[in-house]
Amino acid sequence: MSESKPPTPTPGDTYKGWLFKWTNYIKGYQRRWFVLSNGLLSYYRTQAEMGHTCRGTINLATANIAVEDSCNFVISNGGAQTYHLKASSEVERQRWITALELAKAKAVRMQAESDDSGDDCPAVPPTSGQGGGGRNSEIQSTLRTLSSKVEDLNTCNDLIVKHGSALQRSLSELEGLCVGGDMGEKMRQVTERATLFRITSNAMINACRDFLSLAQNHSKRWQKALQVERDQRIRLEETLEQLAKQHNHLERAFRGATVLPPSFSNPNLGSKGGGSGKGDASDEDDDNEFFDAMEDPAEFITVPAETKYHRRSGSNVSGISSETGMDDQSVNFDELSLASNPESPQPLELEPVRQRRTHIPDKPNYYLNLWSIMKNCIGKELSKIPMPVNFNEPLSMLQRLSEDLEYYELLDKAAKCQSSLEQMCYVAAFTVSSYSTTVHRTGKPFNPLLGETFELDRLSDCGYRSLCEQVSHHPPAAAHHAMSEKGWTLRQEITLASKFRGKYISIMPLGSVQCFFDKSNNHYSWKKVTTTIHNIIVGKLWIDQSGETDVVNHKTGDRCHLKFTPYSYFSRDVPRKVTGVVTDKDGKAHYVLSGTWDEKMEFSRVMQSSKGENGTEGKQRTVYQTLKAKEIWKKNPLPEGAENMYFFSSLALTLNEAEEGVAPTDSRRRPDQRLMEDGRWDEANAEKQRLEEKQRIVRREREREAVKAASSPEEADAVETGTEANEISDETDTEDSPPLTPVASPYGPPHPPYQSAHPDNYQPMWFEKLDDPVSGESLHVYKGGYWEAKEQGSWDVCPDIF
């Protein structure tokens, strides 16, 4: 579920949004929909409840609002109603606090006006004959009168202090005197000083009365004048909003008339502007930018920079700050440069963009007892458990890897960056964005068959294309290669290690992801963090990402340390929080990143850093003084009805769409996956077993050939007989499981090639294994030939795996 970004609150507005409300120590903070209207704060479980069920309401006129930390605040009316609330960020918390304070002030004022409805000074809106100068002169005159009264009060205060001190001294002296001749003189002095003190006090009281009377006479007039100005501003804002909508409509009509693809239009005005539901572009100006928006992690704290770091140039029309030089300017100009690329071909030469599907058959409601399947699998690797399609989603693991490219625009922007440190911020945000599609995706993807491939050709509309191949089955490994016309190349090889622990499953991705930029020759690499699926046996399934990873620029030595904080019921941190610090090769911090892996990321420039006090774990925390945080990535909203379509994103819905010209080994042609997508799950399970058995037969034949090629004829016959004897153990081997170590054969102990696993001479079709000289890792690299084979329609090298 995605929510719209709330506007900056104004008096009288109804303010709505999501907040986390503390319930109890079992459930912790729960997400609730809050509505602020007419001085009342109400909350609901969902937006749909607003029409019939309100979970609670508190009157702000008698409530106290207290801020606890960067994201938490408390609202209490002094009685039984106390709301402990948490915003998703410091920015959001400040907006709510502002709206609540304004609503409280208005509620108190309306309550006071209801008690005293008289108005001796009615305010008349200025007519054409009353210019602004007359009103300003009246205000200036009143202010001068009030200032003179304040000076009188200060003078009376000084006299009261002076005479009061003298009176105190006289009283002290009077107590120490005995009855004598000086008694009359001292009594006279005390009487005089007491008289002066009384006169000064009376003057003070009269001055206060005059000041209060004058202020009261003008307060209502000023309030109404202020209300008139606010009404005028609201009318102007509504007019500007209508003009912006008309401009947006004309721009879309122009794009539709010229058949422009999304890559030639501003993404902020296209798919992410009108359809995202997360705020208009006008919400992203400098007026609504705040400092670091997340709670401080244990390692560091961020604080706002001083005013000396916030100088702005006089010609800054677009709101781009000039205090950080060209680095920050290039961050803001990237959105404009994507829309107006002088190197782009002319619109007249373009073909119409293909309309891809936006819906798949709804997920059937099949019941399956998970415990009956899992109870005998505790402690085993997940790859050894044969899974029915009931636990799957109709996508292959190769297609899930291709989903990493959903936010390819981050790499497009990174390719245009002049600064390697700024480029690191975009690459780090890209690594976080790859997890955003997993928040509701509890289904297991299909394990690819050996030799299975998947192509994602978005060259015409997005400027990139990618290819995935299952290059190994024991252990299972997939290689991915993507390249873009915008000047970047992405490649990764992922092997999964998983453990079932009864209540949860931990999936540890092995291997690395690498990204290259043609213009700067920067070479980045990073590893993926651990994915945990909770409530396997009882409760609702939910997914969490946790761990730490380093994004390294091997050319410059720059590094970004990202920390994915694991979720805890008793933690006061924002759920799914991610923090990071970008440092150069000398360890100096330049940027701080913060956000959540399921919603958005922000980054802010570091101006100063210092060592702070020790944290809860005894580690010394670093305090970073930063500039205003800017949004660098935001999740796209899910399509309508996603909860019935496995919570697929708009990109995921198109991945298994039938397409002409793809390889015969492409995941789109996999029959069991296609049957499951169509809702025919029983047939899909039978087809899945057929494919697994076919894969086992091909693997055993390939092992026999490898043994014959590596052994003498006598040894090959003996080993082949042992292999036939061991086929009994292979009957339990599925597409999810590695080969078992063979049992002893009648011919003695296993042959040396069989001591660890069956030999396999399989070679990938489109990838080859190489040693990377920069990172020092051995991985499969795309060797070329696939797209040429597609153009020629020649797939002779592809095996028959389906």
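Residues numbered from 1 in each chain as written. Predicted model: local features only at pLDDT ≥ 70, side-chain atom pairs only at ≥ 80, totals over all residues. Heavy atoms only, no water.

1. Things to note about the overall build of the protein
Per the secondary structure count, the protein includes 14 helices and 27 strands. In the protein, buried positions account for 44% of the 802 residues. When contacts within the protein are restricted to residue pairs at least 6 apart in sequence, long-range pairs at least 24 apart make up 61% of them. Carbon and sulfur atoms provide 53% of the accessible area of the protein, an area that totals close to 40,900 Å². (Helix = DSSP H or I, 4+ residues; strand = E, 2+ residues; numbered from the N terminus. Buried < 20%, exposed > 50% of the residue type's maximum accessible area, 1.4 Å probe, protein only. Contact = heavy atoms within 4.5 Å. Areas by Shrake-Rupley, 256 points an atom, 1.4 Å probe, with all protein chains shown as cover.)

2. With respect to the sheet that holds strand 2 (residues 28–37)
Taken together, 7 strands build an open sheet; the order of strands is 4-3-2-1-7-6-5 and the sheet is antiparallel. Two strands in the sheet have a free side with no partner beyond their single neighbour: strand 4 (56–59) and strand 5 (64–67). Each adjacent strand pair in this sheet contributes to an overall mean axis angle of 35 degrees, direction not counted. (Pairing = 2+ DSSP bridges. Axes fitted to C-alpha atoms, helices over the stretch in contact; angles between N-to-C directions.)

3. Quick notes on the pairing of strand 12 (residues 464–473)
Most of strand 12 sits inside the fold, with 10 of its 10 residues counted as buried. Taking the residues between adjacent antiparallel strands as the criterion, strand 11 (residues 453–458) and strand 12 are bridged by 5 residues, where Gly463 takes a positive phi near 85 degrees. With 9 bridges connecting them, strand 12 and strand 13 (residues 476–484) associate as antiparallel partners. Along strand 13, the bridge assignment pairs Leu467 with His481. Turn length for the strand 12-strand 13 hairpin, with the two strands adjacent in sequence and antiparallel, is 2 residues.

4. A few points about the side chain of Ser89
Note on placement: Ser89 falls in the loop between strand 7 (82–86) and helix 1 (90–115). Among the polar contacts listed, one links the side chain of Ser89 to the backbone nitrogen of Glu92, at a separation of 3.2 Å. (Polar contact = N/O pair within 3.5 Å; in protein donor to acceptor, adjacent residues only side chain to side chain.)

5. Points about helix 8 (residues 420–433)
Given a rise of 1.5 Å per residue, 14 residues ought to cover 20 Å, and the 20 Å separating the end C-alpha atoms of helix 8 matches this to within 8%. Where helix 8 begins, one side-chain oxygen reaches toward the backbone nitrogen of Leu421, 3.3 Å away; that side chain belongs to Ser419. (Expected span 1.5 Å × (residues − 1).)

6. A word on helix 7 (residues 409–416)
With 7 of its 8 residues buried, helix 7 lies for the most part within the structure. Listing the buried residues of helix 7 in full gives Glu409, Leu410, Leu411, Asp412, Lys413, Ala414 and Ala415.

7. Description of the pattern of salt bridges
Across all of its chains, the model carries 29 salt bridges by this definition. Linking Arg400 and Glu393 is a salt bridge whose minimum nitrogen-to-oxygen distance equals 2.6 Å. For Arg400, a relative accessible area of 15% puts it in the buried group. Close ionic contact of Arg670 with Glu452 constitutes a salt bridge, the shortest N to O distance being 3.1 Å. Of this pair, Arg670 sits in the loop between helix 9 (650–655) and helix 10 (671–677) while Glu452 sits in the loop between strand 10 (444–446) and strand 11, and the two are 218 residues apart along the sequence. For the pair formed by Arg670 and Glu452, the shared burial category is buried. (Salt bridge = Lys/Arg side-chain N within 4 Å of Asp/Glu carboxyl O.)

8. What about the confidence of the model for the protein?
Counting all residues, the mean pLDDT for the protein is 75, and 72% of those residues have values of 70 or more. This model gives residues 310–350 a pLDDT under 50, and the stretch forms 67 contacts once residues within four places in sequence are excluded. Note on residues 724–758: pLDDT is under 50 here. Beyond four places in sequence and across chains, it has 69 contacts. (pLDDT = per-residue confidence, 0-100.)

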